[in-house]
Amino acid sequence: IVEQGPAVEVLDGPSHHYTDALVTASSLESLADTDDADAKAVPPDGSAGCHYRFRCSARDDQCDTVTPPQAVVDERLLRCHHPLRLAGRHSPAA
């Protein structure tokens, strides 16, 4: 689990990049059209690094080598080195 909180809050303002990508996906049909290789690029269980790094636009070296700790951000549980929301604010777009 990379983000957990009240459904309305998470869906209206995701803090994790992967949650944001899921929320903005327009339909299941569009997900079926994505490249299979990317979806299959999941690190082995127990490996270091963020498990969603292969599908994240904010990926950097830290994401490849350090598993994000679980943190509380805006009263939500979150695992991300670069959350979209910090202390009630959206992070600037990259």
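Scroll up to find the structure.
Residues numbered from 1 in each chain as written. Predicted model: local features only at pLDDT ≥ 70, side-chain atom pairs only at ≥ 80, totals over all residues. Heavy atoms only, no water.

Caption draft 1: Representation of the overall build of the protein. Within the protein, the regular secondary structure consists of 5 helices and 5 strands. Taken from N to C terminus, the helices and strands of the protein fall in the order β-α-α-α-α-α-β-β-β-β. Buried residues in the protein amount to 26% of all 94 residues. Taking all contacts inside the protein whose residues are at least 6 apart in sequence as the whole, residues at least 24 apart take part in 35%. Carbon and sulfur atoms form 55% of the exposed surface of the protein, whose accessible area is close to 6300 Å². (Helix = DSSP H or I, 4+ residues; strand = E, 2+ residues; numbered from the N terminus. Buried < 20%, exposed > 50% of the residue type's maximum accessible area, 1.4 Å probe, protein only. Contact = heavy atoms within 4.5 Å. Areas by Shrake-Rupley, 256 points an atom, 1.4 Å probe, with all protein chains shown as cover.)

Note that all results are geometric; they support no functional claim without further evidence.
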